[in-house]
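For reference, the chains in residue letters:
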Amino acid sequence: MSDLKITGLYKRYGNVEVLKDINLDIKSGEFIVFVGPSGCGKSTLLRTISGLETISAGQLEIGGRVVNDVAPSKRGIAMVFQSYALYPHMTVFDNMAYSLKLTRTPRDEIRKKVEEAAEMLQLSPYLERLPKALSGGQRQRVAIGRAIVRNPQVFLFDEPLSNLDAALRVATRMEIARLKDSLPETTMIYVTHDQVEAMTLADRIVVLKDGVVMQVGTPMELYDHPQSLFVAGFIGSPKMNFLTGRNAEPYGAATVGVRPEHMDIVPDGQGAWSGKVIYSEDLGSDSYIYVDIGETDPVIIRQEGKTPYHTGAVISFEPRADLYHRFDASGKPVTTPAKTPVTSEA
Ligand code: ADP
């Protein structure tokens, strides 16, 4: 059993509360991703789970056992950091075998475990190499392999891909997804600021802001039903557009949120909003059109394929029916039924 229960957890540094009343139930085998802006407390929460940081108040249970005062090495967890810190003079095999040698595991068992982990991470051809003869992605996989051989109940990842270039990030992300499938019993908690990693790897995402949990849900729950303006703006890339004031009034909301892919350009000029194109980007597969309608940020509209609308064009557009989000002045969702906005008065 490797479920994890966090109840009323606080972390303070002096007078500063960095984590406030965190409550989370993580099921055995779940892949959980912590996201949030820099400084929101993601790493601190991960470090309190690992035992590298103490807890100021509240309770942490792993596998039904309260571990507040249990040493990191006795919690059944393994942690993978962004810097992989391999021993440079040891082969891949020896790096992965090191912790097992320390615990005097029999040689045959060490070989079996290292070979199994290498197989899982596609490292079998490299066992006799030194780390310097590996790519960054392969090194990070060795660091993961070193953790796997210890057979942890809970795996903690702190931005493990952030030192890799774009192509290696994609490849290593796929390795982590495979790893999750090969270790269905192992609970995994993963910190990242990368949208794609969060959306593709997580069973559930925990969104943090200023040390508070804003929302917990599957990637699609957060994407489709954000429970605050903050989560609406944080999940999704490019960001959800926010339209306010006069632009939102017809919808009975202080702010209307519409994702770039949920805007339709209306050729006859009868859309809810209109403005001048200030910039357009053709990416081949799709294009992004940036439109000034008097909001602080330009509205971004995604179109499939190439766009006929370029700088200077005046276009009219509207949200796709039922694919927009309404928020009140405090940033909470508006729950009263939407009126059909009057859009053609101009
Ligand atoms: P994140 O991982 O989301 O970027 P962190 O968990 O690293 O955020 O930090 C959360 C907050 O706690 C930040 O404001 C940071 O300055 C503060 N903090 C982290 N570690 C310490 C420490 N050892 N002493 C004092 N403040 C800290």
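What comes next is a walk through the structure. Every residue gets a number counted from 1 within its own chain, in the order that chain's sequence is written. Since the coordinates come from a predicted model, pLDDT governs what is reported: local features require at least 70, and pairs of side-chain atoms require 80 or more to be given and counted, while whole-chain, interface and lining totals use all residues. Side-chain metrics rest on all non-hydrogen atoms present in the structure, leaving aside hydrogens and water.

1. Focus: the overall build of the protein
Next up, step 1: In terms of helices and strands, the protein carries eight helices and 18 strands.
Next up, step 2: Throughout this description, buried means an accessible area under 20% of the type-specific maximum (1.4 Å probe, protein chains only), exposed means over 50%, and partly exposed covers the range between. Expressed as a percentage of the 346 residues in the protein, the buried residues total 48%.
Next up, step 3: Of the contacts made within the protein by residues no fewer than 6 positions apart, 62% connect residues no fewer than 24 positions apart.
Next up, step 4: Working definition of accessibility: Shrake-Rupley area with a 1.4 Å probe, residue cover restricted to the visible protein chains. Roughly 16,900 Å² of accessible area belongs to the protein as shown, and the carbon and sulfur atoms make up 50% of that amount.
Next up, step 5: Positive charge is attributed to Lys and Arg, negative charge to Asp and Glu, and no charge count is given to His or to the chain ends. By convention, charge coordinates are those of NZ in Lys, CZ in Arg, CG in Asp, or CD in Glu. Looking at charge distribution, the protein has the averaged site of its 38 positive side-chain charges lying 8 Å from that of its 42 negative ones. Only runs of H or I of at least four residues qualify as helices and only runs of E of at least two qualify as strands under DSSP, and these elements are numbered from the N terminus. Residue contacts are counted whenever heavy atoms from the two residues lie within 4.5 Å of one another.

2. Let's talk about a nonpolar patch on the surface
Next up, step 1: Nonpolar side chains (Val, Leu, Ile, Met, Phe, Trp, Tyr) within 5 Å and like charges within 9 Å form the patches, drawn only from residues with over 30% relative accessible area and no salt bridge. Any carboxyl oxygen of Asp or Glu that lies within 4 Å of a side-chain nitrogen of Lys or Arg is treated as forming a salt bridge with it. Together, Tyr87, Tyr98 and Leu102 make up an exposed nonpolar region whose accessible area comes to about 280 Å².
Next up, step 2: Position of Tyr87 relative to the elements: it lies in the loop between strand E6 (77-80) and helix H2 (92-102).
Next up, step 3: On the basis of relative accessibility, which here comes to 32%, the residue Tyr87 falls in the partly exposed class.

3. A few points about the environment of Gly76
Next up, step 1: Looking at the secondary structure, you find Gly76 in the loop between strand E5 (65-66) and E6.
Next up, step 2: As for Gly76 and Val291, which are separated by 215 residues in sequence, their C-alpha atoms are 52 Å apart.

4. Quick word on the site of the ligand
Next up, step 1: We define proximity as follows: a residue is near a molecule or strand when any one of its heavy atoms falls within 4 Å of that partner. Tyr13, Val18, Pro37, Ser38, Gly39, Cys40, Gly41, Lys42, Ser43 and Thr44 make up every residue found near the ligand.
Next up, step 2: Pairing of N or O atoms within 3.5 Å defines a polar contact, subject to two protein rules: one partner must be a possible hydrogen donor and the other a possible acceptor, and residues neighboring in sequence count only if both atoms are side-chain atoms. Residue Tyr13 places a side-chain N or O atom 3.5 Å away from a nitrogen atom belonging to the ligand.
Next up, step 3: Residue Gly41 places a main-chain N or O atom 3.0 Å away from an oxygen atom belonging to the ligand.
Next up, step 4: Bound to the protein, the ligand loses 55% of the 560 Å² it would expose on its own.
Next up, step 5: Considering every element that reaches the shell around the ligand, the biggest residue donor is helix H1 (residues 42-50), with three residues.

5. So, the sheet that holds strand E16 (residues 299-304)
Either a parallel or an antiparallel arrangement is found when strands of a sheet pair, and the pairing is made through backbone hydrogen bonds.
Next up, step 1: Ordered by their spatial adjacency, five strands build an open sheet running E13-E17-E14-E15-E16, and the pairing between neighbours is antiparallel. Two strands bound the open sheet, and with one partner strand each, they are strand E13 (263-265) and E16. Across the sheet, the mean angle separating the axes of adjacent strands is 45° when strand polarity is ignored.
Next up, step 2: Where strand E14 (residues 273-282) meets strand E15 (residues 286-292), six bridges bridge the pair, whose relative direction is antiparallel. Bridge pairing in E15 places Ser280 opposite Ile289. For two strands to be treated as a pair, DSSP must find no fewer than two bridges joining them. Every axis in this analysis is a line fitted to C-alpha atoms, fitted for helices over the stretch in contact. Angles between the N-to-C directions lie between 0 and 180 degrees.

6. Things to note about the sheet that holds strand E18 (residues 324-327)
Next up, step 1: Across the sheet, which stays open at both edges, the three strands sit in the order E11-E12-E18 with antiparallel pairing between neighbours. What marks the edges here is a single partner per strand, and that holds for strand E11 (241-244) and E18. Averaged over all adjacent pairs, the angle separating strand axes in this sheet is 25°, with direction ignored.
Next up, step 2: Both strand E12 (residues 255-258) and E18 contribute to a ladder of four bridges, which runs antiparallel.

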